[in-house]
Amino acid sequence: MEGESPKELLKEFDAEKRSVSSLRTQLNELSAKLNDFYNKRRETGQKIASCLREVKKLRKERDELTSAVKVHKEERRKMQDVLKTKIEDVKVLQKQRDEIQKKTDVKGNPGQLQHEIQKMEFRIETEGMGFEAEKKLMKRINELKKKADESKVVSDVWGKIHTLDKEISELRKKNDEEHRLVQRKADESQKKHEELISLSKEADELTKQESAIEKEIEPIRKQYE
C-alpha cells in the first residue's frame, strides 16, 4: 500500500468495508436459515420422542389386554366344560325321573300333588259341604296322598333337576358375560394395536423428515463456518 495516495487508500477501504458488510449480511442470512432448520429439527425430534413414548404406552396396554383376553377365554372354556357336564347330569336325572314316573304312574311335578291336597283340605275346613261331598273329597285326598308317598323318590329327583337347572342358568349367564368381556377386551386390544401401528408409521415418517432436515443443514453449516 506504500506509495498509494490517501484518496486511493480511502477508496480501497470503502471497497473492503462494503465487502465486509456484504459478508456480514450473508452470514446473518445463513445464521437465520440455520436457526430455522435447527428449530425444525428440534420440533421434529420432540414429535418423534412423543410418538415413541405413546407407542411404548400403547404396546404395554395392548399386551395387557391381549393377556386378559387369553385369561378370560380360558375361564370361559372351563365354565363351558362345567356347563356341559351339568347339562349331561340333568339329562340323566330327567331319564331317571321319567322311568320312575312311568312305574308309579305319577305325572307332573310331585310338588303339585301336595298343593292340590292342601287346597282340598282347606275346602273341607272352610266350606259347609254335605256328607257325601265331603266323603268323596276325602277319598280323592287319600288317593292323592298315596300317590304323593309313591312320588317321594320322584320329588328328590325333581329337586336335583331344579337345583341343576338354576346352576345351569347361572353358568349360562356368566358364560355370556365372559363372552361379552372377551369381545370387549379383544376390540380394545385391536384398537390399541391399530393406534400403535399408525403412530409407528408417523414416527418413521418424522424420522425421514429429520434426516432430510439434517441433509439441508449440513451444506449451510459448512458455508457458515
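Enquirer: Account for the overall build of the protein chain, with residues named and values stated.
Expert: Within the protein chain, the regular secondary structure consists of 4 helices and 0 strands. Going from N to C terminus, the protein chain has its helices and strands arranged as α-α-α-α. Its C-alpha radius of gyration of 47 Å places the protein chain more than 25% over the 17 Å reference for a compact globule of 225 residues. Overall size of the protein chain, expressed as C-alpha extent along the three principal axes, is 165 × 40 × 15 Å. Counting over 225 residues, the protein chain shows a buried share of 23%. When contacts within the protein chain are restricted to residue pairs at least 6 apart in sequence, long-range pairs at least 24 apart make up 87% of them.

Enquirer: Go over the packing of aromatic side chains with me, naming the residues and quoting the values.
Expert: A complete count under the given rule lists 0 aromatic pairs for this structure. When the ring centre of Trp158 is taken as reference, the NZ or CZ atom of Arg97 above it lies at 4.9 Å.

Enquirer: Describe the pattern of salt bridges, listing the residues and the values that go with them.
Expert: Scanning all chains against the criterion turns up 13 salt bridges. One salt bridge in this structure joins Arg140 and Glu143, with 3.4 Å as the shortest N-O distance. Of this pair, Arg140 and Glu143 both sit in helix H3 (residues 131–150), separated by 3 residues, roughly a single helical turn. On the basis of relative accessibility, which here comes to 35%, the residue Arg140 falls in the partly exposed class. Residue Glu143 is classed as partly exposed on the basis of its relative accessible area, which comes to 38%. Shared partners join several salt bridges into a network, and the residues in it are Arg41, Glu214, Glu218 and Arg221.

Enquirer: Account for the confidence of the model for the protein chain, naming residues and giving values.
Expert: This prediction gives the protein chain a mean pLDDT of 84; 95% of its residues lie at or above 70. Taken element by element, the protein chain is modelled with least confidence in helix H2 (residues 110–126), mean pLDDT 80, and with most confidence in helix H4 (residues 152–224), mean pLDDT 89.

Enquirer: Requested: an account of the environment of Gln114, with residues and values cited.
Expert: Tracing the chain through its elements places Gln114 in helix H2. Between the C-alpha atoms of Gln114 and Pro6, which are 108 residues apart in sequence, the distance is 139 Å.

Enquirer: Could you give me a rundown of the side chain of Ser189, with the residues and numbers involved?
Expert: With respect to the helices, strands and loops of the structure, Ser189 is situated in helix H4. Note on Ser189: relative accessible area 9%, which makes it buried. In contact with Ser189, not counting residues within four places along its chain, are Arg62, Leu65 and Thr66.

Cut-offs applied
- Residues numbered from 1 in each chain as written.
- Predicted model: local features only at pLDDT ≥ 70, side-chain atom pairs only at ≥ 80, totals over all residues.
- Heavy atoms only, no water.
- Helix = DSSP H or I, 4+ residues; strand = E, 2+ residues; numbered from the N terminus.
- Rg over C-alpha atoms; globule rule 2.2 N^0.38 Å.
- Buried < 20%, exposed > 50% of the residue type's maximum accessible area, 1.4 Å probe, protein only.
- Contact = heavy atoms within 4.5 Å.
- Phe/Tyr/Trp six-rings, centres within 6.5 Å; stacked < 30°, edge-to-face > 60°.
- Lys NZ or Arg CZ within 6 Å of the ring centre and 35° of its normal.
- Salt bridge = Lys/Arg side-chain N within 4 Å of Asp/Glu carboxyl O.
- pLDDT = per-residue confidence, 0-100.

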